[in-house]
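The lines below spell out each chain.
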Amino acid sequence: MRSFYKGLLFDNDGVLVDSMQGAIAAWRAWGEKYYPGFELTGEHHGKRAQDLVLEMVGAALFEEANNHINQLEQDLAHLTIALTGSKEFTHSLSPGTWTVVTSANPFLAKARLEAAGIPIPKELVTAYDVTKGKPDPEPYLLGAKNLGFEIEDCVVFEDAAAGIQAGLDAGAGLLVGVTEHALETKADIVVSSLAGISFQDGELFI
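Note that this is a predicted model, so its numbers are computed, not measured.

1. A word on the side chain of Thr179
Relative to the elements of secondary structure, Thr179 occurs in the loop between β7 (174-178) and β8 (189-191). Beyond its immediate chain neighbours, meaning those up to four positions away, Thr179 contacts Gly14, Asp159, Val190, Val191 and Ser192.

2. A short note on the pairing of strand β2 (residues 7-10)
Judged by which residues are buried, β2 turns out to be covered on both faces: Gly7 and Leu9 on one side and Leu8 and Phe10 on the other are all buried. The pairing of β2 with strand β6 (residues 154-158) spans four bridges and is parallel. Opposite Leu9, over in β6, you have Val156 as the bridge partner. Of the pairings in the sheet, the one linking β2 to strand β5 (residues 98-100) comprises three bridges and is parallel in character. Of the residues in β5, the one forming a bridge with Leu8 is Trp98.

3. Notes on the packing of aromatic side chains
One pass over the full model with this rule turns up 10 aromatic pairs. Consider the rings of Phe10 and Trp98, whose centres lie 5.9 Å apart with planes at 80°: the pair is edge-to-face. With Phe10 in strand β2 and Trp98 in strand β5, this pair connects stretches of sequence that are 88 residues apart. The same class applies to Phe10 and to Trp98, which are both buried. On the numbers, 6.2 Å between centres and 80° between planes, the contact of Trp30 with Phe38 is edge-to-face. You can call Phe38 buried: its relative accessible area is 8%.

4. With respect to the sheet that holds β2
Pairing is parallel across the open sheet formed by five strands, whose spatial order is β5-β2-β6-β7-β8. Since the sheet does not close on itself, it has two edges, and those belong to β5 and β8, each with one partner. Taking each pair of neighbouring strands and ignoring which way they run, the sheet shows an average axis angle of 20°. Where β7 lies against β8, three bridges are found, and the strand directions are parallel. Looking across to β8, one finds that Val178 is bridged to Val191.

5. So, the sheet that holds strand β9 (residues 198-200)
Spatial strand order, β1-β10-β9: three strands in an open sheet with antiparallel pairing. Unpaired on one side and paired on the other, β1 (2-4) and β9 mark the two borders of the sheet. For this sheet, the mean angle separating the axes of adjacent strands, direction not counted, is 20°. As paired elements, β1 and strand β10 (residues 203-205) share three bridges and run antiparallel to each other. The partner of Arg2 across the bridge, within β10, is Phe205.

6. A word on the pattern of salt bridges
Counted under the stated rule, the structure contains nine salt bridges. In this structure, Arg2 and Glu203 form a salt bridge, with 3.1 Å as the shortest nitrogen-oxygen distance. You can see Arg2 sitting in strand β1 and its partner Glu203 sitting in strand β10, a full 201 residues away along the chain. Take Glu203: its relative accessible area is 25%, and that puts it in the partly exposed class. By sharing partners, the salt bridges in this structure join Asp11, Lys134 and Glu158 into a single network.

7. Points about the layout of surface pockets
By volume, the largest pocket amounts to about 520 Å³. The wall of the largest pocket is formed by 33 residues, among which Asp13, Ser19, His45, Gly46 and Arg112 lie closest to the centre. Of the residues belonging to the lining of the largest pocket, the class tally is 13 nonpolar, 13 polar and seven charged.

8. A few points about helix α1 (residues 20-34)
Under the 1.5 Å per step criterion, the end-to-end length of α1 is 20 Å for 15 residues, consistent within 8% with the ideal 21 Å. Listed in full, the buried residues belonging to α1 are Gly22, Ala23, Ala26, Trp27, Trp30, Gly31 and Tyr34. For α1, the arc enclosing every buried residue in end-on projection is 160°, short of the 170-degree limit, so these residues lie on one face. The exposed set on the far side of α1, more than 90 degrees from its buried face, consists of Gln21 and Glu32. Among the structural elements, α2 (49-57), α3 (59-75) and α5 (106-116) are those in contact with the buried residues of α1.

Criteria and thresholds
- Residues numbered from 1 in each chain as written.
- Predicted model: local features only at pLDDT ≥ 70, side-chain atom pairs only at ≥ 80, totals over all residues.
- Heavy atoms only, no water.
- Helix = DSSP H or I, 4+ residues; strand = E, 2+ residues; numbered from the N terminus.
- Contact = heavy atoms within 4.5 Å.
- Buried < 20%, exposed > 50% of the residue type's maximum accessible area, 1.4 Å probe, protein only.
- Pairing = 2+ DSSP bridges.
- Phe/Tyr/Trp six-rings, centres within 6.5 Å; stacked < 30°, edge-to-face > 60°.
- Axes fitted to C-alpha atoms, helices over the stretch in contact; angles between N-to-C directions.
- Salt bridge = Lys/Arg side-chain N within 4 Å of Asp/Glu carboxyl O.
- 1 Å grid on protein atoms, 1.4 Å probe; cavity = no way out; pocket = protein on both sides within 12 Å on 5 of 7 lines; lining within 4 Å.
- Points joined across faces, edges and corners; volume = space filled by probe spheres on them.
- Nonpolar A, V, L, I, M, F, W, Y, C, P; charged D, E, K, R; others polar.
- Expected span 1.5 Å × (residues − 1).
- Arc of directions from axis to C-beta.

In structure tokens, the structure reads:
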């Protein structure tokens, strides 16, 4: 498939990197203290940690519990690895044509990207940059704005239903689902990985 766009917007976890080993361990340890029996599953993917924490513990314990999960995940960020094709694809892209739109906080996002060997774009959008996280469209609208493009001229790469919904509601020009996790989403197309995809002079080849 060949098409033309101006910018690429990537979710991080599950699209560019695999952070699940650290994330599952961190949330399991967090649950033992704040929400016994909690396990991180697919329904939680794509959502901000702070939103999950607030939903489970309420406002009274929020700050303490949120700080704890942030520290646990940060401590285990070194376990993050690159997903197939992500290093090659992102290193081939020109600065200013792409960015990462993640639900992680900026410290965790940068640590995971660095551990996986993925470039950190200066236009990075994190949980702290928006008032509402995915599935709200705000993160992807901000990602396009940071690049200086209209959202309809951008492609969103996502694996989670919440992220695909965010891209859909934002009005992205194309929604590319990544890995089998995206098969049950409203993605326009689904690919097994980023391997073999190229983007040069505005031409996207999948």
